[in-house]
Amino acid sequence: MMTLINHRLFIGLLFPLVLLFTSPLIAQSSESDKQQYDAWNGDSKLFLTKNNNVKGSQYFSDDWVDGKVILDNKSITKKLKLNYNIYEQKVVFKEGDELRAYDPDKIKGFIILDDNGNVETQFANGFYDENLNIGPSDLMRVVYSGDTKLLAKHEVFFDQNSSRDPFSNAKYSEYKESVTYYLLTEHIGLTKTRLKRNPFIETLGTHEKDLKEYAKAARLKIKNEREARTLLYYYDSINK
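Residues numbered from 1 in each chain as written. Predicted model: local features only at pLDDT ≥ 70, side-chain atom pairs only at ≥ 80, totals over all residues. Heavy atoms only, no water.

*Asks:* Hey, could you run me through the overall build of the protein chain in this one?
*Replies:* For the protein chain, the helix and strand inventory stands at 5 helices and 12 strands. Taken over 240 residues, the protein chain has a buried fraction of 43%. For the protein chain, contacts bridging at least 24 residues in sequence account for 55% of all contacts bridging at least 6. In the form shown here, the protein chain has an accessible surface area of approximately 13,600 Å², with 46% of it arising from carbon and sulfur atoms. (Helix = DSSP H or I, 4+ residues; strand = E, 2+ residues; numbered from the N terminus. Buried < 20%, exposed > 50% of the residue type's maximum accessible area, 1.4 Å probe, protein only. Contact = heavy atoms within 4.5 Å. Areas by Shrake-Rupley, 256 points an atom, 1.4 Å probe, with all protein chains shown as cover.)

Rendered as structure tokens:
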């Protein structure tokens, strides 16, 4: 098991990384970026066209979105039309008529921008924990980024010929997505949690009575990410 000392070392390395998403660009990317990605060899047909024999999706977003990629040299690319292929764990983007994908080992994360160019969604890697089956290049969505971090790991599994259409009785395969949540704190490191009030609060490990009283008064059941962020903001304010 990773020791507390190692957890703290990782926290010290990772917190500045998350700040990249909201800080000014450290360095703009250049032609050297092309060393970071290869031609896309994945199953792009399922992305570009409908397939009646396969339900679900490999991808995080329903369509191409505006975003930027943070490279391992801490530079940030220009705005790209991209998406995250969860099934193959690669950030895919358009370059002309071609699809390309970044090497997961050569990036630090990526951001998705809203219509005003602001950061809407953040993914980062480096949250390594062997016991939790999280590799150093696994991308985690940053749900909350205060002194405490709430992270979401998205996974997609391919279930072949798993179900039948109720009308035609034809078999179909399906991409099924799962989301697992983790808390990252200085005193306990990275820990798996659930979006449910009592288990979520108990995972934090401190101020349990205070947090339960606050959640009850604020009518927070911690059934969604918005409520989790509200509770963590309060937790950080009393944990100084």
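Moving on, there is more to tell.
*Asks:* For this particular structure, what's the right way to read helix α5 (residues 225–238)?
*Replies:* Helical geometry: 3.6 residues make up each α-helical turn, so side chains three or four residues apart lie on a common side. Over its 14 residues, α5 runs 20 Å from end to end, which matches the ideal 20 Å to within 8%, given 1.5 Å per residue. Taken together, the buried positions of α5 are E225, E227, A228, L231, L232, Y234, Y235 and D236. Where α5 begins, one side-chain oxygen reaches toward the backbone nitrogen of R226, 3.2 Å away; that side chain belongs to N224. (Expected span 1.5 Å × (residues − 1). Polar contact = N/O pair within 3.5 Å; in protein donor to acceptor, adjacent residues only side chain to side chain.)

*Asks:* Please explain unusual backbone geometry as it appears in this structure.
*Replies:* Glycine aside, negative phi is the norm for most residues, and most peptide bonds take the trans geometry. In this structure, K74 is a non-glycine residue whose phi angle is positive, near 75°. Turning to its location among the elements, K74 is positioned in the loop between β3 (65–71) and β4 (80–85). Phi at R219 is positive, roughly 60°, even though this residue is not glycine. Overall, R219 belongs to the exposed group, its relative accessible area being 73%.

*Asks:* Any chance you could explain the pairing of strand β6 (residues 98–102) here in plain terms?
*Replies:* Residues in a regular strand point their side chains to alternate faces of the sheet. β6 sits mainly inside the fold: 4 of its 5 residues count as buried. Pairing of strand β5 (residues 90–95) with β6, which is carried by 4 bridges, proceeds in the antiparallel orientation. Paired with E95 across the strands is E98, a residue of β6. (Pairing = 2+ DSSP bridges.)

*Asks:* In this structure, what is going on with the packing of helix α4 (residues 208–217) against α5? I would like to understand it.
*Replies:* For any two helices packed against each other, the geometry is given by the interaxial angle and the distance between the axes. For the pair α4 and α5, the least separation of the axes is 11 Å and the interaxial angle reads 140°. Relative to α5, the element α4 lies oblique. In this structure, α4 crosses over α5, and the sense of that crossing is right-handed. For the pair α4 and α5, contact is made by D210, L211, Y214 and A215 and by T230, L231, Y234, Y235 and I238, respectively. (Axes fitted to C-alpha atoms, helices over the stretch in contact; angles between N-to-C directions. Parallel < 35°, antiparallel > 145°, perpendicular 65-115°, else oblique. Left-handed = near helix turned anticlockwise from the far one by under 90°.)

*Asks:* Would you mind going over the pattern of salt bridges with me for this structure?
*Replies:* Pairing between side chains becomes possible if they bear opposite charge and their charged atoms approach one another. Inspection of the entire model under this criterion finds 9 salt bridges. K81 is paired through a salt bridge with D66; the nearest N and O atoms lie 3.0 Å apart. Of this pair, K81 sits in strand β4 while D66 sits in strand β3, and the two are 15 residues apart along the sequence. Across the pair D159 and K176 runs a salt bridge, and its minimum N-O distance is 3.1 Å. Here K176 lies in strand β11 (residues 171–185) and D159 lies in strand β10 (residues 149–164), a separation of 17 residues in the sequence. (Salt bridge = Lys/Arg side-chain N within 4 Å of Asp/Glu carboxyl O.)

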